[in-house]
Structure formats: C-alpha cells, structure tokens
Amino acid sequence: MVPGYSIRRVEKQDYEGVLQALNALTTVGSVSKAQFEETVNHWNNVKVSSGPDLLQYHPYVILHGEEVAATGMMFIERKLIHECGLVGHIEDIAVSPHHQGKQLGRALIDHLTDLGLKHCYKVILDCDDSNVKFYEKCGYSRAGVEMQHR
Ligand code: ACO
C-alpha cells in the first residue's frame, strides 16, 4: 500500500466517506444511512455458493487516517462455462479528487485483481476510453466492446 494509507473492506461506518468518494465517478443520488447499512450487510452475507465459504462481494476502501480516499468493488459471478468457473468483475472505482495521482487507484486495482485471481479464471471491467491507459498500467488489456441498453 502507498505509505500513509491503508486498505480494508467497507464497513457501515464508511457511509459518508464512500458516498463522497463515489462522487468522483458519477452521481450517487440519495442513499440513506439505513440503505447503506443494509447494502453493506448484504455484501457481508451473500456467498458465491453453498460450498466454499467465499463471499460474492468484495467492497474496499483506502483510508488516509479516518478519511476515505478511494473505494472500489470486486464481485464474483458464478458461471456454468469453464466447468462452473468464476469471473471477477471490478466496478465503481473512485479516488477522491485531492487524493488522485498518488498511486492509490493502482494500489486499489492491484488489491482487487489479486483477490479476484485467487478464485476466478479472469477478472474483467468496463471503462471509458479516457481510463484505458490507467488500466493498461494496472496490467489490463483491451478485450471486446462494452454495449449497454438503458
Ligand atoms: N489516463 C492516463 N494515465 C492515467 C490516468 C488516465 N486517466 N489515470 C491515472 N493514470 C496513470 C498515472 O499517471 C500513473 O502513471 P505512472 O505510474 O506512470 O505515474 C498510473 O496511471 C497510476 O495512477 P494512480 O495515481 O494510481 O491513479 P489515481 O489514483 O488517480 O486513480 C482513477 C485513477 C481511478 C481513474 C481516478 O482518477 C478516478 O477515480 N477517476 C474518476 C472516477 C473514474 O473514472 N473511475 C474509474 C471508472 S472505471 C471502473 O469503475 C471499472
């Protein structure tokens, strides 16, 4: 980890910090403390399968003292292909503006990727063109095209 910072799973006490950090990514909208806590509770309890004791959601924060400097998620999808293989998805990566450019994004992606590759045959993510170079520096390469239907 970058000196002066630490990383851990998201906890219920991170309500304000996580929502604030996510503003660097997109509009969060109105999320109450109760909704946040219920979501964290869900993340802490849903397992990938009834077999191995593996959680599906891996939400993390990077802290600077008590302050949330960055947040991001890796979640695990259970598939039938590749002999019921697992795929890790990296989502909702955000470094607070005044902490950007300090290698925190890379440290977060490295942590989530290592976690994913312990269990999954691949880890994937979608991003804007403007972030391709950042993810390439984190070891990712272009594969396919993202499409969406809203
Ligand atoms: N374009 C080109 N290079 C970049 C970019 C970029 N957009 N962002 C970072 N880099 C480079 C840095 O210069 C650095 O290079 P170096 O090691 O050669 O010096 C390297 O990538 C690592 O950069 P970090 O300091 O770790 O980047 P940072 O902590 O600022 O995090 C991030 C990057 C996550 C993109 C941050 O700027 C951010 O939160 N942006 C707004 C939200 C966002 O776009 N999130 C990603 C959405 S995609 C998803 O969630 C799957």
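A quick note: this is a predicted structure, and the numbers were derived from the prediction, not measured.

Engineer: Describe the site of the ligand, naming the residues involved and giving the relevant values.
Structural biologist: I93, V95, Q103, G105 and R106 are the nearest of the 23 residues found near the ligand. Here Q100 contributes a side-chain N or O atom positioned 3.5 Å from an oxygen atom of the ligand. A distance of 3.0 Å is found between a nitrogen atom of the ligand and a backbone nitrogen or oxygen belonging to S130. In the complex, 74% of the free accessible area of the ligand, which totals 980 Å², lies under the protein chains. If you list the elements that add at least two residues to the shell around the ligand, you get β4 (86-95), α4 (104-119) and α5 (132-137).

Engineer: Explain the sheet that holds strand β3 (residues 67-78) residue by residue, including any values.
Structural biologist: Strand order in this open sheet of 5 strands is β1-β2-β3-β4-β5, and the pairing throughout is mixed. Whereas interior strands pair on both sides, the edge strands pair on one side only; in this sheet they are β1 (6-9) and β5 (122-124). For this sheet, the mean inter-axis angle between neighbouring strands, taken without regard to orientation, is 25°. Running over the sheet, helix α2 (residues 33-45) touches β1, β2 (57-64) and β3 and is turned about 120° from β2.

Engineer: Provide a residue-level description of the nonpolar core, including the pertinent values.
Structural biologist: Of all hydrophobic cores here, the largest spans 26 residues; its most connected members are I90 and Y140. The set of elements that each furnish at least two residues to this core consists of β2, β3, β4 and α4. The element contributing the most residues to this core is α4, with 6 residues. If near-sequence neighbours (up to four positions away) are discounted, I90 is found in contact with M73, M74, I109, L112, T113, V123, I124, L125 and Y140. By size, the runner-up hydrophobic cluster in this structure holds 14 residues, among which are L19, F36, V40 and V68.

Rules and cut-offs
- Within each chain, residue numbers correspond to sequence positions counted from 1 in written order.
- The model is predicted, so local features are restricted to residues of pLDDT at least 70 and side-chain atom pairs to those at 80 or more, both for listing and for counting; the totals for chains, interfaces and linings are taken over all residues.
- Neither water nor hydrogens contribute to the side-chain values; these are computed over all heavy atoms in the structure.
- When we say a residue is near a molecule or strand, we mean one of its heavy atoms is within 4 Å of it.
- Pairing of N or O atoms within 3.5 Å defines a polar contact, subject to two protein rules: one partner must be a possible hydrogen donor and the other a possible acceptor, and residues neighboring in sequence count only if both atoms are side-chain atoms.
- Surface accessibility in these figures is a Shrake-Rupley result with a 1.4 Å probe; residues are shielded only by whichever protein chains are displayed.
- Helix and strand labels come from DSSP, where a helix needs a run of H or I of at least four residues and a strand needs a run of E of at least two; each type is numbered from the N terminus.
- Here, a strand pair is defined by DSSP locating no fewer than two bridges between the strands.
- In this analysis an axis means a line fitted to C-alpha atoms, helices contributing only their contacting stretch, and an angle means the value between N-to-C directions, from 0 to 180 degrees.
- Contacts are assigned to residue pairs that have any heavy atoms within 4.5 Å of one another.
- Only buried residues count toward a nonpolar core, which is a set of Ala, Val, Leu, Ile, Met, Phe, Trp, Tyr and Cys residues joined through side-chain atoms within 4.5 Å.
- Working definition: with a 1.4 Å probe on protein chains only, accessible area under 20% of the residue-type maximum means buried, over 50% means exposed, and in between means partly exposed.

Structural measurements only, silent on function.
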